Amino acid sequence: MGIILNSENLKGFVKPQDVDALSSRIKKAHDELESGTGAGNDYTGWLKLPSFIDDQFLDELVSFGKEVRSFSDCLISIGIGGSYLGIRSTIDFLRQEARIPVYYAGHNMSVDNLAGLLEEVKDKNISVVVISKSGTTTEPALAFRVIKKFMEEKYRDDELKKRIICVTDKEKGALRKIADQNGYRSFIIPDDVGGRFSVLTPVGLVPLAIAGIDIKALVEGARVGEKEYGCMDLEKNIAYQYAANRFCLFNQGKVIEVMASFYDNLFYVHEWWKQLFGESEGKNGKGIFPASLILSTDLHSMGQLLQDGVRNLFETFIEIEEQKNRIIIPEDEQDLDKFNCVAGKDLDFVNKQAYKATAAAHVEGGVPNMTITIGKGDAFHLGQLYYFFEKAVAVSGYLLGVNPFDQPGVEAYKKKMFELIGK
């Protein structure tokens, strides 16, 4: 099935002629991306990445993952931002496919979180993947210090060399020096791919391979996305349609986009999307604020605001057409709850009706919305979805007139924090 974009609930908000009017600007953005002449062109290596990934390299990673799992009960993945969210979103989305548990560190500095993690894994056979281009990012660097000491107390040097894996720069940086000095196995982060676009580089593929995720299907899905969203035809390219719809809504004062789904395994996919769009667009006083909800849970906490609150937002739903599992609703003889009307039906049938009702109610309440439907909740479709959003945000940034591939504002808090801790 692939991916489908439904924009029916934008009627009355975005007219076809509004999107058509952006065609020349989208073509300019497309041409600048393809030719490498646009802003931030040093970081557009993700654009052709799926087709450039060598199948032999994927086979080697799959074998490497099996090897690491042969002596590991669990994996600790250390990283933050793009070195964390793509990994977690993939594993959580494919929750039944991971072969070993994956724990996460270095994405915050919560003492209780890290202490609890170490307590939980102390009697397990552990391997660690630490991911950092520089090796000096505060959160993962400090987590790695603590976990490295923990591992040194648990294992001999020869064991450490196979249990600590570094994903870092090819030649420079603190983590590269640590890997080389200690003989840790290492993989290279490409120079031309920024963190939030890096899920299909070794940043994501190495820990995912160790976890036992089908990385070949993930990449194949992205390859399909690269082909489908690489054409300039606005009528066919739904990534460009999505970018155009967002831009039209932004110009109407819809400055918040709520990513909503009725499937809780999309929670961290939403988190990945929030970084991708927030960090790419939020510059020069511009950008759509990315928020997210998991429904119908959040309809009982945020539904009132969505239905009747300030009309400064729009929604994008992610639907999954085919579920892995089925749960048939049983008939009840007394039917006190009056739900025998759906007895014999799959629970997902009711979930989909809840989505349809919500989308209809919200557009009637003044919240325009569109829906991205993916065929299955598998690695292939997730890889295609990742590429869909990456291509869309690149065009979105160029439409806004910002460089979607840098993040100058991220350094502001770091500078002040370094002053406070004396670095």
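Above this text is the structure in question.
J.: Explain the nonpolar core to me, and be specific about the residues and the numbers.
T.: Grouped together as the largest cluster of nonpolar side chains are 106 residues, with contacts concentrated most on V206, I210, Y242, L385, F388 and F389. Excluding its chain neighbours within four sequence positions, the residues that come into contact with F388 are Y229, I238, A239, Y242 and I372. Counting 24 residues, the second largest nonpolar core, distinct from the first, contains L117, V121, Y155 and L160.

J.: Which residues make up the sheet that holds strand 5 (residues 164-168), and what are the values?
T.: Strand pairing in a sheet is mediated by backbone hydrogen bonds. Such pairs are either parallel or antiparallel. As summarised here, the arrangement of the five strands in space is 3-2-4-5-6, forming an open sheet in which the pairing is parallel. Edge positions in the sheet fall to strand 3 (102-105) and strand 6 (185-188), since each has one partner strand and no second. Taken over all neighbouring pairs, the strand axes of this sheet differ in orientation by 20° on average, direction set aside. Two strands pair when backbone bridges link them, and strand 5 and strand 6 are joined in this way by four bridges, in the parallel orientation.

J.: Could you give an account of the pattern of salt bridges, with specific residues and numbers?
T.: Evaluation of the coordinates by the stated rule reveals 29 salt bridges. We note a salt bridge from D264 to R95, for which the minimum N-O separation is 3.1 Å. Remark: R95 occurs in the loop between helix 5 (85-93) and strand 3 and D264 occurs in the loop between strand 7 (256-261) and helix 13 (267-281); sequence separation between them is 169 residues. A salt bridge links E281 to R246, with the nearest nitrogen and oxygen atoms 2.7 Å apart. In this pair, E281 sits in helix 13 while R246 sits in helix 12 (residues 238-250), placing the two residues 35 residues apart along the sequence. Taken individually, E281 and R246 each receive the classification buried, so the pair is uniform in this respect. In the salt-bridge network here, residues are joined through shared partners; they are K133, D169, K172 and D191.

J.: I'd like a description of unusual backbone geometry, backed by residues and values.
T.: Geometrically, the link from L295 to S296 is a cis peptide bond, its omega value of 5° lying close to zero. If you trace the backbone, S296 turns up in the loop between strand 8 (289-294) and helix 14 (303-308). Phi angles above zero are rare outside glycine, and D335 is one such case at about 50°. The phi torsion at K338 lies on the positive side, around 65°, for a residue other than glycine. Mapped onto the secondary structure, K338 falls in the loop between strand 9 (313-322) and helix 15 (347-364).

J.: Can you lay out the side chain of K283 for me, pointing to particular residues and giving the numbers?
T.: Considering the arrangement of structural elements, one finds K283 in the loop between helix 13 and strand 8. Side-chain polar atoms of K283 contact the backbone oxygen of E279, separated by 3.2 Å. Beyond its immediate stretch of four places on either side in the chain, K283 contacts R196, V402, N403, P404, F405, D406, Q407 and P408.

J.: Just give me the short version of the pairing of strand 4 (residues 126-131), but keep the residues and values in it.
T.: Of all the six residues making up strand 4, six are buried; the element is thus mostly covered by neighbouring parts of the structure. Of the two faces of strand 4, the one holding I126, V128 and V130 and the one holding S127, V129 and I131 are both buried throughout. Bridge count between strand 2 (residues 74-78) and strand 4: five bridges; the pairing is parallel. Paired with S77 across the two strands is V129, which belongs to strand 4. Bridging between strand 4 and strand 5 involves four bridges; their strand directions are parallel. Its bridge partner being in strand 5, V128 is matched across the sheet by I164.

J.: Give me the lowdown on helix 13, citing residues and values where you can.
T.: Across its 15 residues, helix 13 extends 21 Å between first and last C-alpha, which sits within 8% of the 21 Å expected from 1.5 Å per residue. Across the 15 residues of helix 13, eleven count as buried, placing the element largely inside the fold. Considered for burial, the residues of helix 13 that qualify are Y268, V269, H270, E271, W272, W273, Q275, L276, F277, S280 and E281. Buried residues in helix 13 make contact with helix 5, helix 12, strand 7, strand 8, strand 9 and helix 16 (379-400).

Analysis parameters
Residues numbered from 1 in each chain as written. Predicted model: local features only at pLDDT ≥ 70, side-chain atom pairs only at ≥ 80, totals over all residues. Heavy atoms only, no water. Core = buried A, V, L, I, M, F, W, Y, C linked by side-chain atoms within 4.5 Å. Buried < 20%, exposed > 50% of the residue type's maximum accessible area, 1.4 Å probe, protein only. Contact = heavy atoms within 4.5 Å. Pairing = 2+ DSSP bridges. Helix = DSSP H or I, 4+ residues; strand = E, 2+ residues; numbered from the N terminus. Axes fitted to C-alpha atoms, helices over the stretch in contact; angles between N-to-C directions. Salt bridge = Lys/Arg side-chain N within 4 Å of Asp/Glu carboxyl O. Polar contact = N/O pair within 3.5 Å; in protein donor to acceptor, adjacent residues only side chain to side chain. Expected span 1.5 Å × (residues − 1).

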